[in-house]
Amino acid sequence: MSALEGPTAAIRGRILLGDDRETEEIWVRGGRVSLTRPSAQGTNMQILQGWAVPGLVDVHCHIGLAADGVVPVEEAEKQAVADRDAGVLLIRDAGSPLDTAWVHDRGDLPHLLRSGTHLALRKRYLRNYGLELESPEQLPEAVRTEARRGDGWVKLVGDWIDRSLGADGDLRPLWPEDLLKEAVAVAHAEAARVTVHAFAEETIDSLLAAGVDCIEHGTGMTAEHMAAAAERGIAVTPTLLQIGQFESIAAQADGKYPVFAARMRSMYANRYQQVRDLHEAGVRLLVGTDAGGTISHGRIADECAELVAAGLPAAEVVAMASWRARDYLGFGAVVEGSSADLVVYPADPREDIEVLRHPTAVILRGTVYPTAR
């Protein structure tokens, strides 16, 4: 290997590659990882010191979405850059009204797995966010379409407030169990997995029976639900930043929808215990910010801090947000020849989760992006 062909960067210190994998040095050459010491270093090779992890993963993120719905491409680009600069180098987009396939062609933006557009029923979800079907019977064919448009995932809205009930308005499931089963089978036949927004307890039985792959939020899951999810390998994304808004949502609903308001307050008060219970039940937990809509992008460190505040060990949260999530999404472990996607920190985030707020360098596809955090 000549000097010109040598690595462009080297990371030295503690590189955490998995639950039981560490190394003290790693090299970047041609946008790829090398675990073998080179015979010659590259011209102007950059040396990075510290603790490093495979790029963080936000499994519940919405590129192209803001509070009022779809945003221009230029704004979607800023959202993706904010996530990248926070250390998120892989995103599972959990539904967006904007076709973001163009992100795949941008080497400076995180790797992206799209779920297509949220699937809901008319007047049973947030306006301008998803595809609102006229009847539940349309669900299986809509799932087929979104499975073919996306990158191996489909996002369903499992429940939402039913305002037609007036003062008794509350969270209600959107889909009959038989149609859910059919829709999940359609997605699996298209080599896509299904994740479902679910707040209410009443929604979960049908999701488990239908064989969904992942549940978003999961605030209504009982101990029985958790045990079943753990046994069947169904992952849950707690989205504590989003659940942290339930008190303000309840305040807006006071007076007009008192039943709904009371339920939202109860789930808000129980949010940390719910996460502890999920973890103790052995459910596979994923880290997702629910960025887009009413939550700004680039807040992965905040979500991780919330999980630690709920009682999860920092080391577990770091693993959940990095190599375990990569594995869950099919990106696998960092090995010789992997895309060079790593984040460098000044200290060990497993000892102090606050370290995630201060990356010293973000390396995406071999390009080093210094940060001011």
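What follows is about the sheet that holds strand S8 (residues 88–93). With parallel pairing, 3 strands are arranged side by side in an open sheet as S5-S8-S9. This sheet does not close on itself; its edge strands, each paired only once, are strand S5 (56–61) and strand S9 (111–114). Averaged over all pairs of adjacent strands, the angle between their axes in this sheet comes to 15 degrees, without regard to strand direction.

So, on to the side chain of aspartate 170. Of note, aspartate 170 is situated in the loop between strand S13 (159–161) and strand S14 (171–173). Within the structure, the side chain of aspartate 170 is placed 2.9 Å from the side chain of arginine 263, a separation counted as a polar contact. Aside from chain neighbours lying at most four places away, what touches aspartate 170 is Trp160, Ile161, Asp162, Val259, Phe260 and Arg263.

In this model, helix H3 (residues 177–189) (13 residues) spans 18 Å end to end at C-alpha, consistent with the 18 Å of a helix rising 1.5 Å per residue. Among the residues of H3, Leu179, Leu180, Ala183, Val184, Val186 and Ala187 are the ones counted as buried. Considered in projection along H3, the buried side chains sweep an arc of 155 degrees and stay on one side of the axis. The outward face of H3, more than 90 degrees from its buried face, is lined by the exposed residues Asp178 and Ala189. Contact partners of the buried residues in H3: helix H2 (139–149), strand S12 (153–157), strand S15 (193–198) and helix H4 (201–210).

A separate point is the packing of H2 against H3. Where H2 meets H3, the closest approach of the two axes is 8 Å, and the angle between their N-to-C directions is 20 degrees. By the angle between their axes, H2 is roughly parallel relative to H3. Considering only the axes of H2 and H3, their crossing is right-handed. Residues Leu139, Pro140, Val143 and Arg144 of H2 form the contact with H3, whose own contacting residues are Leu179, Leu180, Glu182, Ala183, Val186 and Ala187. Its residues assigned to classes, the contact of H2 with H3 comprises 8 nonpolar, no polar and 2 charged.

In terms of burial, strand S1 (residues 9–18) is a largely internal element, 7 of the 10 residues being buried. Direction of pairing for S1 relative to strand S4 (residues 46–54): parallel, over a ladder of 7 bridges. Across the sheet, the residue bridging to alanine 10 is isoleucine 47, located in S4. Two elements, S1 and strand S2 (residues 21–29), share 7 bridges in a ladder whose sense is antiparallel. The residue bridging alanine 10 from the neighbouring strand is tryptophan 27, located in S2.

What follows covers the side chain of histidine 197. Summarising the element assignment, histidine 197 is placed in strand S15. The class for histidine 197 is buried, based on a relative accessible area of 4%. With sequence-adjacent residues up to four places away left out, histidine 197 is seen in contact with Lys155, Leu156, Val157, Gly158, Asp159, Trp160, Glu216 and His217.

Calculation criteria
Residues numbered from 1 in each chain as written. Predicted model: local features only at pLDDT ≥ 70, side-chain atom pairs only at ≥ 80, totals over all residues. Heavy atoms only, no water. Pairing = 2+ DSSP bridges. Helix = DSSP H or I, 4+ residues; strand = E, 2+ residues; numbered from the N terminus. Axes fitted to C-alpha atoms, helices over the stretch in contact; angles between N-to-C directions. Polar contact = N/O pair within 3.5 Å; in protein donor to acceptor, adjacent residues only side chain to side chain. Contact = heavy atoms within 4.5 Å. Expected span 1.5 Å × (residues − 1). Buried < 20%, exposed > 50% of the residue type's maximum accessible area, 1.4 Å probe, protein only. Arc of directions from axis to C-beta. Parallel < 35°, antiparallel > 145°, perpendicular 65-115°, else oblique. Left-handed = near helix turned anticlockwise from the far one by under 90°. Nonpolar A, V, L, I, M, F, W, Y, C, P; charged D, E, K, R; others polar.

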